[in-house]
Amino acid sequence: MPSIEQKHNLHQHGPMHSVEETKSIILQSVDTLASENKPLIDSLGQVLSKDITSHFDIPPFPNSSVDGYAVIHSDVVSASKNSPIKLKVSHRVYAGETANFELEAGHSARIMTGAPIPKKTSAVIPFELTNENLLNLGQNTRESYTIEIHDSPSINDNIRPQGEDIKKNTKILKRGAILKPADIGLCASIGLDSIDVFQRPKVAILSTGNELLSPGEKFSSGKIFDSNSYSLYSSIIQAGGIPLILGIAKDSIESLKEKIQESFDSDMLVTSAGVSKGDYDIVKDFLSKNGKIKLWSVNMKPGKPLAFGTLKRNDQKPLPHIGLPGNPVSSLVAFHQFVRPAIYKMMGRKTIEIPTIKAILENKIENADGRRVYARVFVSNKNGKLYASLSGSQASNVLSSMSTANGLAICPENIPVKNSGEIVDVQMLGWDELETDESLQDSN
Ligand code: AMP
Ligand code: MG
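Criteria and thresholds
Residues numbered from 1 in each chain as written. Chains lettered and ligands numbered in written order. Predicted model: local features only at pLDDT ≥ 70, side-chain atom pairs only at ≥ 80, totals over all residues. Heavy atoms only, no water. Helix = DSSP H or I, 4+ residues; strand = E, 2+ residues; numbered from the N terminus. Rg over C-alpha atoms; globule rule 2.2 N^0.38 Å. Buried < 20%, exposed > 50% of the residue type's maximum accessible area, 1.4 Å probe, protein only. Contact = heavy atoms within 4.5 Å. Areas by Shrake-Rupley, 256 points an atom, 1.4 Å probe, with all protein chains shown as cover. Lys, Arg positive; Asp, Glu negative; His and termini not counted. Charge placed at Lys NZ, Arg CZ, Asp CG, Glu CD. Pairing = 2+ DSSP bridges. Near = heavy atom within 4 Å. Polar contact = N/O pair within 3.5 Å; in protein donor to acceptor, adjacent residues only side chain to side chain. Nonpolar A, V, L, I, M, F, W, Y, C, P; charged D, E, K, R; others polar. Salt bridge = Lys/Arg side-chain N within 4 Å of Asp/Glu carboxyl O. Phe/Tyr/Trp six-rings, centres within 6.5 Å; stacked < 30°, edge-to-face > 60°. Lys NZ or Arg CZ within 6 Å of the ring centre and 35° of its normal. Core = buried A, V, L, I, M, F, W, Y, C linked by side-chain atoms within 4.5 Å. Axes fitted to C-alpha atoms, helices over the stretch in contact; angles between N-to-C directions.

S.K.: How would you sum up the overall build of the chain? Please name residues and give values.
M.R.: The number of helices and strands found in the chain is ten helices and 29 strands. Its C-alpha radius of gyration of 32 Å places the chain more than 25% over the 22 Å reference for a compact globule of 444 residues. Scored against the burial criterion, the 444 residues of the chain give a buried share of 47%. Here the contacts in the chain between residues at least 6 apart in sequence split such that 70% fall between residues at least 24 apart. As presented, the chain carries roughly 22,100 Å² of accessible surface, and 51% of it is formed by carbon and sulfur atoms. One finds the centroid of the 48 positive side-chain charges in the chain at a distance of 5 Å from the centroid of its 50 negative side-chain charges.

Here it is in structure tokens:
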């Protein structure tokens, strides 16, 4: 027997699903995409589909970490400022050159940072610990001269050993790694210029509604500009997908059909609006007639009207279709809960959760009807403690308070109110403002 609440949750197309159920239904319907070999330079944020093993030692040869003089340690053990040791400088070695000679006792080589170490060298003395600045040396002359060493080094001082960074035949990155700039540099350091990664999903975006104008069009009465295509396009890029804008469909089955056909080469379709209970909310009808509808309503606020299903397409496997709500904040909040994890899974990511922190709430969040509330907040760091304050009106059409937010504070479905001073979980949507908030205010 369903409880009274559950009965109330029975929607015309089935029960209202929890956020977790919804996410799991969506994730079950999307697969990780195939692997591709692509230019390393374009792989930021993509996920490795194969381990990477180095076939080199890095550094590939021992080299100097300073500009200085390569010496034999035993020649200079007694060197000091007051009793310098004189060595004959018979070679110069610059970065990019080879050093196929042996240092002889009593000799030194002038050597630059990154240049290979001559054989028999057991330390490099930096210029500052010699009388080099008094010598007035010509820039590129290779003539011999005498240098005074003012300090006694330890063995191997200022020599970077071969393989210090990476040893030959070791794994440097594992399948599943999400490539960040240092990883890409690491791959380049072993000479790679292409790499095997999971493909980025192509995600088609369609806005629906007779009221919509494209930004750039002339305004006319009764209309509004389509902001969802723009915020979703950007969100898809941020999540790592490749967005494809289909434009605006009218509230008619024919218009939807025409536009949706253009999505059939993509990996997922995201529509906005047309999923609630109004007369023209026909996205759900379209989905049920042309595919399989799997859920219709989610127990969250904002974002309750949300459809998910798979659309039939001719020879290919069914296309996952997430029908986001029309209100600009609802569509973005639902994007983060459901579209982003789906994109992450398709691109091979193992961690798909939004990073969540705990913060001290500075206002009240009310939860009137037992839904999971995602409140727009601005999180700031005050003396090492994180505080979350509501970033403005929480109405689902008010996009400006999403713009001033950097996180979503969660009030769980079974908690009627979160009061000021309580600890809340906050999904962080951006980190950039977190540390700089107060310094920015100071400088204003
Ligand atoms: P609907 O789900 O079609 O009833 O739309 C809910 C609300 O979102 C309405 O006020 C719509 O005008 C608005 N809306 C729908 N699509 C968009 C869009 N692409 N950009 C901005 N607002 C929209
Ligand atoms: Mg509409």
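There's plenty left to go through after this.
S.K.: Report on the pairing of strand S18 (residues 268-272), specifying residues and quantitative values.
M.R.: Judged by how many residues are buried, S18 sits mostly within the fold: five of five residues are covered. Here S18 shows a buried face lined by Met-268, Val-270 and Ser-272 and a second buried face lined by Leu-269 and Thr-271. Where strand S14 (residues 202-208) and S18 come together, five bridges link them in parallel fashion. Each residue of the ladder has a partner; that of Ile-205, found in S18, is Val-270. Here S18 runs beside strand S22 (residues 319-324); their pairing, made up of four bridges, is parallel. For Val-270, the partnering residue across the bridge sits in S22 and is Ile-322.

S.K.: Give me the lowdown on the site of ligand 1, citing residues and values where you can.
M.R.: Residues in contact with ligand 1 amount to 17 residues; listed here are only the nearest, Glu-211, Asp-226, Ser-227, Gly-274 and Gly-326. Here Asp-226 contributes a side-chain N or O atom positioned 2.8 Å from a nitrogen atom of ligand 1. Gly-274 has a polar backbone atom sitting 3.1 Å from an oxygen atom of ligand 1. Within the residue set of the shell around ligand 1, elements represented by two or more residues are S14 and strand S16 (224-225). Considering only residue class, the shell around ligand 1 consists of five nonpolar, nine polar and three charged.

S.K.: Now, about the pattern of salt bridges: what can you tell me, with residues and values included?
M.R.: Pairs can form between side chains of opposite charge once their charged atoms are near each other. This model, assessed by the stated rule, comprises 13 salt bridges. Residue Asp-196 is joined to Lys-50 by a salt bridge in which the shortest nitrogen-to-oxygen separation is 3.3 Å. Taken together, the residues span a long stretch of sequence, with Asp-196 in strand S13 (residues 194-198) and Lys-50 in the loop between strand S3 (35-39) and strand S4 (52-53) at a distance of 146 residues. Residues joined in a network through salt bridges with shared partners are Glu-20, Arg-372 and Glu-413.

S.K.: Which residues make up the side chain of Ser-207, and what values do they have?
M.R.: With respect to the helices, strands and loops of the structure, Ser-207 is situated in strand S14. At 3.0 Å, the side chain of Ser-207 forms a polar contact with the side chain of Asp-226. Not counting residues within four places of it along the chain, the set of residues in contact with Ser-207 comprises Leu-212, Asp-226, Asn-228, Ser-229, Gly-247, Ile-248, Ala-249 and Ser-272.

S.K.: Outline the packing of aromatic side chains, supporting the account with residue identities and numerical values.
M.R.: In total, this model carries three aromatic pairs according to the counting rule given. An angle of 80 degrees between the planes, with centres 6.5 Å apart, marks the rings of Tyr-69 and Tyr-145 as edge-to-face. With Tyr-69 in strand S6 (residues 68-71) and Tyr-145 in strand S10 (residues 145-149), the pair connects residues that are 76 residues apart, well separated along the chain. Judged by centre distance (6.0 Å) and plane angle (50 degrees), the ring pair of Phe-219 and Phe-225 falls under tilted. Here a set of aromatic residues connected by ring pairs shows up, and it is made of Tyr-69, Phe-127 and Tyr-145. Of note, Lys-382 hangs over the ring of Tyr-387, and the distance from its end group to the ring centre comes to 5.0 Å.

S.K.: A description of the nonpolar core should follow, citing residues and the corresponding values.
M.R.: Core analysis: the largest hydrophobic core is formed by 37 residues, its most contacted members being Met-268, Leu-306, Ile-322, Leu-324, Phe-338, Val-339 and Ile-343. Among the secondary structure elements, those contributing two or more residues to this core are helix H2 (19-28), S14, helix H5 (228-239), S18, strand S21 (305-311), S22, helix H8 (328-346) and strand S27 (407-411). Not counting residues within four places of it along the chain, the set of residues in contact with Ile-343 comprises Pro-201, Val-203, Ile-236, Ala-239, Gly-240, Gly-241, Met-268 and Phe-335. Core analysis: the next-biggest nonpolar cluster, separate from the first, contains 17 residues, Leu-246, Ala-249, Leu-269 and Leu-319 among them.

S.K.: Residues and numbers for the sheet that holds strand S9 (residues 123-126), please.
M.R.: One open sheet holds the five strands; their spatial order is S9-S6-S8-S7-S10, and the pairing between them is mixed. In the strand order of this sheet, the two ends are held by S9 and S10, each with one partner. Direction aside, neighbouring strands of the sheet carry axes that sit 40 degrees apart on average. Sheet topology places S6 next to S9; four bridges connect them, and they run antiparallel. Its bridge partner lying in S9, Gly-68 is registered against Pro-126.

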